[in-house]
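# Reading the structure
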Amino acid sequence: HILAQPLKETEQMGTFYSIKESDSISAMRKLGEALQTAASGLSCVDELLKDELSDGKDAGTSSNPRRLYMVNPTVRAALDINVREALKVAVRHAIQCWVRHGHFVIGSGDDLPSADSADEDWCAMEARRCLDSLGSIVSHLVWLYCAEEGIELGDNDCSFIVSDALRNELETLHQDSADFGVLSKKKPSVASWKKYSKRAKMWFILSLDKSFASPLQQNLAKMLNLSKDLKPLL
């Protein structure tokens, strides 16, 4: 599954923490290569969705623009899966990527992100590409879901699907968070996980495409009690 590539391509390499501790240049380079492969695949899916939905977006989600996009192959695949399920899967993969690779963007613990080598800086760049593309893909699927349901972007129904999938995935990931190795070698404390997951939620919201998903961003911020934190950024 292309949306899972940032995890599948890197899951056999150990955690970022273990790679950094080993001081292995080749391991860090392999991580960069894997993230680059994942980023390229995600960018392709993002561009396909953007192109295939462009005509429909001009019509708006509540005007039944189905005839403008339903024959396009990538959109058709999402509709065949069931767009609601496709959206939930995309949200889950996006938040998994933020937990595993988001430290390249938001840092870990109280530390800001910093690269100690050119290879680590490359990993950060490719991780950011993955996260940006996943945010954009989620945004496109949100638009598609709203168009299929004939509702406005930012509608509570759609916002709840996204926030519920996000919360459930974070709860699941908390059980396995030591495997991600971004906060410490050991399973993080409740307080450190709460702080990190809050930042992951904020950056997930910010990764959505503001050009058309701004109403969703606003509603998600409200549902996740992040309106005050995100007000200067939305």
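Below: a short report on this structure. Given the structure is predicted, the values throughout are model-derived calculations rather than measurements. (Residues numbered from 1 in each chain as written. Predicted model: local features only at pLDDT ≥ 70, side-chain atom pairs only at ≥ 80, totals over all residues. Heavy atoms only, no water.)

### With respect to the packing of helix 8 (residues 156-175) against helix 10 (residues 210-223)
Put simply, the rule is: For helices, the fitted axis covers only the stretch in contact; all axes are lines through C-alpha atoms, and the angles between them, taken along N-to-C directions, range from 0 to 180 degrees. A run of H or I in DSSP counts as a helix once it spans at least four residues, and a run of E counts as a strand once it spans at least two, with each numbered from the N terminus. Throughout, the term roughly parallel applies to angles under 35 degrees, roughly antiparallel to angles over 145, roughly perpendicular to angles from 65 to 115, and oblique to all others. Two helices that cross are described as forming a left-handed crossing if the nearer one is turned anticlockwise from the farther one by less than a right angle, and a right-handed crossing if clockwise. Here a residue-residue contact requires only that any non-hydrogen atoms of the pair lie within 4.5 Å. Here the term charged refers only to Asp, Glu, Lys and Arg, the term nonpolar to Ala, Val, Leu, Ile, Met, Phe, Trp, Tyr, Cys and Pro, and the term polar to all other amino acids, Gly among them.
Where helix 8 meets helix 10, the axes come as close as 10 Å, and the angle between the chain directions of the two elements is 55 degrees. Here helix 8 lies oblique to helix 10, going by the angle between them. Note that helix 8 runs across helix 10; the crossing there is right-handed. Contact residues: Asn156, Ser159, Phe160, Val162, Ser163 and Arg167 in helix 8; Leu216, Asn219, Leu220 and Met223 in helix 10. Residue composition of the contact of helix 8 with helix 10, grouped by class: 5 nonpolar, 4 polar and 1 charged.

### Observations concerning helix 8
Going by this rule: To estimate how far a helix should reach, multiply one less than its number of residues by 1.5 Å. Summary of the burial criterion: residues with accessible area below 20% of their type's maximum are buried, those above 50% are exposed, and those between are partly exposed, where the area comes from a 1.4 Å probe applied to protein chains only. Pairing of N or O atoms within 3.5 Å defines a polar contact, subject to two protein rules: one partner must be a possible hydrogen donor and the other a possible acceptor, and residues neighboring in sequence count only if both atoms are side-chain atoms.
For helix 8, which comprises 20 residues, the first-to-last C-alpha distance of 29 Å matches the rise-based estimate of 28 Å (1.5 Å per residue) to within 8%. Every buried residue of helix 8 is listed here: Cys158, Ser159, Ile161, Val162, Ser163, Ala165, Leu166, Glu169, Leu170, Leu173 and His174. Packing partners of the buried residues in helix 8 comprise helix 5 (83-101), helix 7 (118-149), helix 9 (190-207) and helix 10. Sitting at the amino-terminal end of helix 8 is Asp155, which places a side-chain oxygen 2.8 Å from the backbone nitrogen of Asp157.

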